[in-house]
Each structure stands twice: as structure tokens, then as C-alpha cells.
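Working through the structure, step by step
Here is how the chains run, residue by residue.
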Amino acid sequence: MMQLLSGNEAIALGAYHSGVRVATAYPGTPSTEILESVATFSDIYAEWSTNEKVAMEVALGAAYAGVRAMVSMKHVGLNVASDPFMAASTTGVSTGLVVVVADDPGMHSSQNEQDSRHYARLAKIPVLEPADSQEAYDFMAHAFTLSEEFDTPVMVRSTTRISHSKSVVRPNRDRLAADMPAHFQNCIAKYVMMPVFARQRHPAMEERLVKLADYAETFYLNQVFAGESRLGIVTGGVAYHYAREVFPKASVLKLGMSYPLPANLIRSFAAQVDRLVVIEELDPFLEDLIRSLGIRVEGKDFIPRVGELNPDIVARAGRGSGLFDNNHNDETTPLPPEPMPNLPPRAPLLCPGCPHTGVFYILSSLGQRSRLPGAKEKPPAKSKLVITGDIGCYTLGAYPPLSAMDTCACMGASIGKALGMEKAGLGRKVVAVIGDSTFLHSGITSLVDAVYNDGRLTVVILDNGTTAMTGHQHHPGTGVSAQGRDTNAVSLEGTVRGLGINDVTVVSAFDIKGIRTALKSALAADELSVVIVRGPCAVRIKRTTPRVIDPEKCNNCGTCRLLGCPAIRSEAGRLYIEPLLCVGESCGICEQVCPRGAIH
Amino acid sequence: MEKFDLLISGVGGQGVILASNIVSEVALAAGYDVKKTDTLGMAQRGGSVVSHVRLGSEVHSPLIRMGDVDILVAFEKLEAARWSHYLKPGKVAVINNYALPPFSVSLGGGVYPADAAIMENLKQRTERAYFVDGTARVEELGNVRTLNSFLMGCVSLFLPLKIRVWQDVIARHVPPGAQQINATAFSRGRKEMRRVSL
């Protein structure tokens, strides 16, 4: 039966129908829904892992034990998982291991736009790139087969536009029988990577790559669409559809497997066309490999290597480089008009009722940072605090008026960076701010380092009891599994105390005085301190009667506006609370900060 | 099979994505090839949201080219202005007559465009830009969350898709207790659209 599925749902269904029995992931846009979707099948094991490295290891263990396994992550997750990823390539597998990596060209929700195909080349493993949901479904079956046939993990690379687009899928198979009992065949030369054995594996990997390149020559996911000989396009992934849409008459070589490349197929395609152009998102991955074969090829001279592509960008590149014939529509019609100028942006914000607002407000005021936009008085050149941040909704605390974050690099980095600043001799107090899921993901190891190396910084753990940014997934601290079962919950305060930290405080995210007292005391202490600020995510709380500002008492001092709460607005010089946005009494932070008691 | 490219824009939480899912499912049932994609950014709530929905005999790119949109549906007026340049000249724009000023305006970081400026901008693209009082009508019905059904009712007048299928798909996509009120909102949308477009 035909269904409209997102790329992520199609990947999950494809894996399920391919007999996957263990699926692991850590949430990350745009990959999150793969595990969410596959976890709905109760006859497989699915888990949210602590982080991508662990997810990779759990999946690898399953693939050693005779069970098909899938691990999914966003592109930067593969950085975290890269060590076991390389190890998986070295040892190979027993049964199929598919590594799904979703890149984010355009950085819709990411800190960089690295091109994961380079990792496949680094690890000497094949990478498949689906172009829509049907292919996402189909390619999973090929990925598992390739993995077993060539004794290798296989990467399936998606992008935001594949993962988050819906298109028609016709599932063409039932679930492959997956009732073989798990079995592990001990073989130290394959699974114990001491140098003596690893030296044997490396030539095996090189040989595997040669065989894969040979296989790619006739692999039917590498398809030629014959068209005019004037222009030949090599492409893959969603860029294939942009190429077909913009250049409907061109000849197209669509590479379903973008590594390793079929050299002879590309040579013969190139020989049949006047101009060979690669259309691919991000880096010139295919282009450089094709050029290294000694084939004349163009691409990134005019196709941008930065950001997400779309048909307009491809057409613009085509115009500028003579890819269209002269009477083509795109060469003759005027360019579309510009957008209406000066429209106010709708930037992402911390939600009304967000449990991060109060603590950022206090950090901001303790650090003498907060200023209303347009305020005449300038903030001091040097804030009293340096605040290293981390990845999550709370990164938005960097924006004015809260302005309470100085760094954000990658998952779990806040604590290590704070310690580095302290050890560098920075005179000011350094505070690391990190969310609960991120702390468990990769903050813990840095905190161990801070304990061991006698750090004196303050770590603030923002505990909203969920992985909010990616859509409220469970994590080791929540006590619920990816498949909705009750399970053990890792205690944050227990963990932190267990590391030997004595100065640990837990405070409600909606108790302004409590947060101020806890932070002041932690900042004054000459030892490593942890403040856990706990409160549920605003999206998951029950809304009650909205707060109102009493116009009789309000003197427009603007203190409440320093919270940056989207519900607190001004119109014609008067402050008011938008009743549709305010969450009511579960928050009440504005009420606590109002110096005139005008909010109730 | 005639192609239709729809751009549905609004503010996070208004129901844009549900609306785009509904029209996609209706078209799928009618035998169209369908692609749809949402652009959300990192905002959980309150950010700009836009959905591209493409119907035809064979659809390649999930993203619609600028100037190719056949039907622009805006759940909010500023979000109509933001995407007006995607509209194909002379095609249809259905705009919910409702303003939700972004927080940046409240902080003094921008000015919400006047109705006349938005209308003027749309008129440059098409004579068929229609403002409908969707939010006001569904507030009368007693459930603002039926706005997507109302606006899909408006859009249904411009698409060759069966009313019964629309109603079936909507019933499948809304909570069990809200099926009747969404069916009513859909019919009110059709009625309102007939009123303003005739």
C-alpha cells in the first residue's frame, strides 16, 4: 500500500523490513525520527543511547552477535562516534551493520555543515545516498546486504531535505525473517584489534574497497538516464532531483553509491557528453574523486559549496556558466522578484514558561550583563563572569536581553572549556552551563577531569527532565526507555556527589530567590561546585490562568522585560502579558522579579 | 494531471504542518505524486514555519522554485508577506486576516508591516489575493485549533480533490473528540472562501 513517509520514517521501515533487530541512536536533528519511528515496532530492541559513541558500540556488538543492527545519528554525532566507527570498519561484522548519518546542509539546526561522506572514505566503507523516501526505504535493504556480503559497516547518508521531506513509498517486502538466535563466533584475529591482528585487517580493508569499487560498476543503484549529449550531470541524493528539475533534457548519472566510485562507468558516461558537471551539496566529494581519475569535470566553480542547494540556486549557477541552451526558459525568463523588504524576523526564542529563563536572568544580573535592547547605559567592558555554554535550547540564552552565554562549540564542551579558562589563569569566575541530556551525553567525563585536576569552577546543570531541543526524547536520567518502558533513572545529584564533589545544590527552576542564593554561594566557594536547576520543559506543562500586569502598579521600569519572555510585550508604551502565550502559575518568574509587585 | 505547488506558511504552533500533511494525504488518495517538506529552523514554538507541498504526475524537487507557487496559504499576515515572492503571477493567495507580531517587534527590533503594505505587495503578484477571517471564525466555533481545517476548506475550492476525501483525511488527522468541529470548520472555510472570492 502506498504511504506518504518522511525520509526518516522510510529509513526506519526499510530497516525493519530488512530484519533489523537492534537499533540505537542519540537524538539529533535531522536524524531523531529514525529511532523514534523504528522504536514503535515492538519486536525489535531500540534504545536511546547515552551518546553516539555508545550507540555505535551497542550496534556493533549486536552485529558481532549475529543480529542485524542500525545506528543513526546526525552528522556531528559521527564525530563523537568516530572511534568505534573506525573500529567497526577494521574488524568488519558478522551480520549487517548500517550506520545512518543525517547531514544538515544549511545548518537548519546544527553548529556546522560538515560533509559526512568524507568519513566513509576515511573508514574505507561504502556510502549509499537516497534521493527521496522510496529510495530511503529501498536502500536500507541494499545496505544490509552489502554489509554482510563485503564484511563491512555501510553508511547511509541522508540530509535534512531527505530526512524531513515526505514522499510516496510503496513498501515492496514484508519483514525479513529475523528469528535466528544470536550467536557469537569467537575469532581473535578478526575481533581483537591488537597490532598483530590489525596489521592483517588493514590489507583486508584495502582489498574490500577494491572489490566494492568493482561491484559499483554494475550496481543498479548507479543509474544512467540518457538525455542530450550536450550536458552530462553526475549527482546523487536530493541534488539529483534538483538536477532533473532544472535540466530535464540533460544526461544524468545518478550515483546511489557515492563511495567507492565506479571509475569505468563514469569514464564511459563522460565520453558520451560534451560537458561533465557534478551537482552535489556541500563539498566537491564526487567532483574531486572524478577529477583524480583524470576525467575533465566541473562543479564547484559555480555550484555553491556552502549551504543547502535548491532548484533556484542550481538554476542560478546554470545561468552563470552557460549550462542552459539559449532558448531554455531559465536562460530567458526574468529572475523572480525579491522578497518584501524590511520584514521583522521571527527568531527562535526560549518559550514562555521555559525553566532556563530564571537561571539565565540571575546569571545575567550576577555577571552585570543584562541590558534591555536600546538601553542607553552601556554594559561594563568586562562582565564579572565568563559563562561557557553547551548544546540545547538553552544556547538561546546567549541572545539579549539575557546575554548569558559566551561559548558554544559542541556537545559536552562547556565544562572542559571552563576548566581550560580557569587553568589558563583567567582572573574571573568561570561558570559552565549544560543541560541534563548533554551532561549525560558527554559532560560527565569533563566533570571527572575537573574533579581530578582540582578545578574551582561552577557547573550549572539545567535539568528539564528531557531532551527538549530535538522534540522531547528520553535519556538516562528520565527513567523511561525509547520504547516507553519504565527503567532505571540515573540520578544527576547522586552521580555528581559520587565523583567526590561536596558543594552540590539542587534548586527549582522557578524559584528566583533560591537560584540567586545557590549561585551566589557556589560562585563564592573556592572549590568545584555544581548547581542543578530543575524544572519541567514548558512545552510539557499544564497551562493555567495567565499572569497579568496591573497597569495601576506598573511604572514601566522594564525589569520583567530583562527575562526575554516572549509573552511579555509592550504596546503603545505599556507593558502587558499576552494571555495566549503565558503558561500561568507553573512559571511565575515575572511575578518574582517585578520590583513593584505589579504582576499577579 | 495538472500540477499544483502549494506554499503554506505561518507561525510554529498554528497547525501549518498538520495542514500540509492533510492536503498531501488528500492528493495521494486522488492519485497524485506528492512531495512535501517543512522548514522549521531550531524553534520549538513561535518561529516562522513554511511547508512546501507539490502535487503532480511526477514530482522531482520537494522544494518549490521561487515564482512557481500556485496557491499560497498564510496562517498569519506577516508570514504571507515573507513568502509572497514565491507566488506565480496571477495565482491564488489565501491569507488568514490575523497578526501575531514577532517578539523582535515588541523589543523594538522591527516594524510589523501595515495591512495596506502587505496587500500592495501581494497585488503586485496577483489580483487573486484573498484575506479570510479564519481566526475570528474558528474562535466563534470555539476552537482556535481548527484553523488548519478552516484554511484547508478555503484551499479546497482551488483544488480538484473530492470533498468527501478531504473530510475523511481531516477526521483521521485530528483528535477523536474534535472530528465534528473540524468538519464544521472545513465547511465554514469553503463558505468564507466563496464569499470573499466572488
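Thresholds applied
- Residues numbered from 1 in each chain as written.
- Chains lettered and ligands numbered in written order.
- Predicted model: local features only at pLDDT ≥ 70, side-chain atom pairs only at ≥ 80, totals over all residues.
- Helix = DSSP H or I, 4+ residues; strand = E, 2+ residues; numbered from the N terminus.
- Rg over C-alpha atoms; globule rule 2.2 N^0.38 Å.
- Buried ≥ 20, exposed ≤ 12 C-beta atoms within 10 Å, placed from the backbone.
- Contact = placed C-beta atoms within 7 Å.
- Nonpolar A, V, L, I, M, F, W, Y, C, P; charged D, E, K, R; others polar.
- Pairing = 2+ DSSP bridges.
- Axes fitted to C-alpha atoms, helices over the stretch in contact; angles between N-to-C directions.
- Domains from an automatic or database assignment.
- Right-handed = clockwise from strand over helix to strand, strands pointing away.
- pLDDT = per-residue confidence, 0-100.

The subject of this paragraph is the overall build of chain B. Looking only at helices and strands, chain B features 8 helices and 6 strands. For 198 residues, the compact-globule formula gives about 16 Å, and the C-alpha radius of gyration of chain B, at 16 Å, lands near that figure. Here chain B holds 198 residues, and the buried ones make up 56% of them. A sequence separation of at least 24 residues applies to 67% of the contacts in chain B between residues at least 6 apart.

All right, on to unusual backbone geometry then. All names here are of chain A. Cis rather than trans, the peptide bond between tyrosine 259 and proline 260 has omega equal to -10 degrees. Tracing the backbone shows proline 260 in the loop between strand 12 (257–259) and helix 12 (263–271). One non-glycine residue, asparagine 342, lies in the positive phi region at around 60 degrees. Position of asparagine 342 relative to the elements: it lies in the loop between helix 15 (329–332) and helix 16 (357–366).

Facing 37 residues of chain A, the contacting portion of chain B comprises 44 residues. Every element with two or more residues in the side of chain A that touches chain B is listed here: strand 8 (165–169), helix 11 (238–246), helix 14 (311–320) and strand 19 (568–571) of chain A. When its residues are assigned to classes, the side of chain A that touches chain B shows 20 nonpolar, 9 polar and 8 charged. Where strand 8 of chain A meets strand 2 (residues 33–39) of chain B, 3 bridges bridge the pair, whose relative direction is antiparallel. Following the sheet pairing, A:Ser167 is matched in strand 2 of chain B by B:Lys35.

Another point: the sheet that holds strand 10 (residues 228–235) of chain A. Residue and element names in this part refer to chain A. The mixed open sheet is built from 4 strands, whose spatial order is 9-11-10-13. With partners counted over all chains shown, the strands left at the sheet margins are strand 9 (222–225) and strand 13 (275–279), one partner each. Strand-to-strand twist in this sheet, taken as the mean axis angle between neighbours without regard to direction, amounts to 20 degrees. Note that strand 10 and strand 11 (residues 250–255) share 5 bridges and pair parallel. Across the sheet, the residue bridging to threonine 235 is lysine 254, located in strand 11. Contacting strand 10, strand 11 and strand 13, helix 13 (residues 285–292) runs over the sheet at an angle of about 145 degrees to strand 13.

Let us look at helix 13 of chain A. Residue and element names in this part refer to chain A. Residues of helix 13 that are buried: Phe285, Leu286, Glu287, Leu289 and Ile290. The secondary structure elements touched by the buried residues of helix 13 are helix 6 (117–123), strand 10, strand 11, strand 12, helix 12 and strand 13. Positive backbone phi, at 85 degrees, marks glycine 294, one or two positions downstream of helix 13.

As assigned here, chain A comprises domain 1 (3–215), domain 2 (222–332), domain 3 (357–540) and domain 4 (542–600). Just the C-alpha atoms count here: the centres of domain 1 of chain A and domain 4 of chain A sit 49 Å apart.

Attention now moves to the pairing of strand 14 (residues 385–388) of chain A. Look at any regular strand and the pattern is simple: side chains alternate between the two faces of the sheet. Residue and element names in this part refer to chain A. Along strand 14, one buried face is formed by Leu385 and Ile387 and the opposite face, lined by Val386 and Thr388, is buried too. Bridge count between strand 14 and strand 15 (residues 429–435): 4 bridges; the pairing is parallel. Its bridge partner lying in strand 15, valine 386 is registered against valine 430. As a crossover connection, the stretch from strand 14 through helix 17 (residues 413–424) into strand 15 is right-handed.

Now for helix 11 of chain A. With 8 of its 9 residues buried, helix 11 of chain A lies for the most part within the structure. Along helix 11 of chain A, the residues classified as buried are A:Val238, A:Ala239, A:Tyr240, A:His241, A:Tyr242, A:Ala243, A:Arg244 and A:Val246.

Next up on the list: the pairing of strand 5 (residues 97–103) of chain A. Residues and elements named next belong to chain A. In terms of burial, strand 5 is largely enclosed, as 7 of its 7 residues are buried. Relative to strand 5, strand 4 (residues 69–74) runs parallel, the two being bridged by 6 bridges. Counted as the bridge partner of lysine 74 is alanine 102 from strand 5.

Predicted confidence across chain B gives a mean pLDDT of 94, with 97% of residues reaching 70 or more. At the level of chain-chain contacts, confidence expressed as ipTM amounts to 0.96, with global pTM at 0.96.

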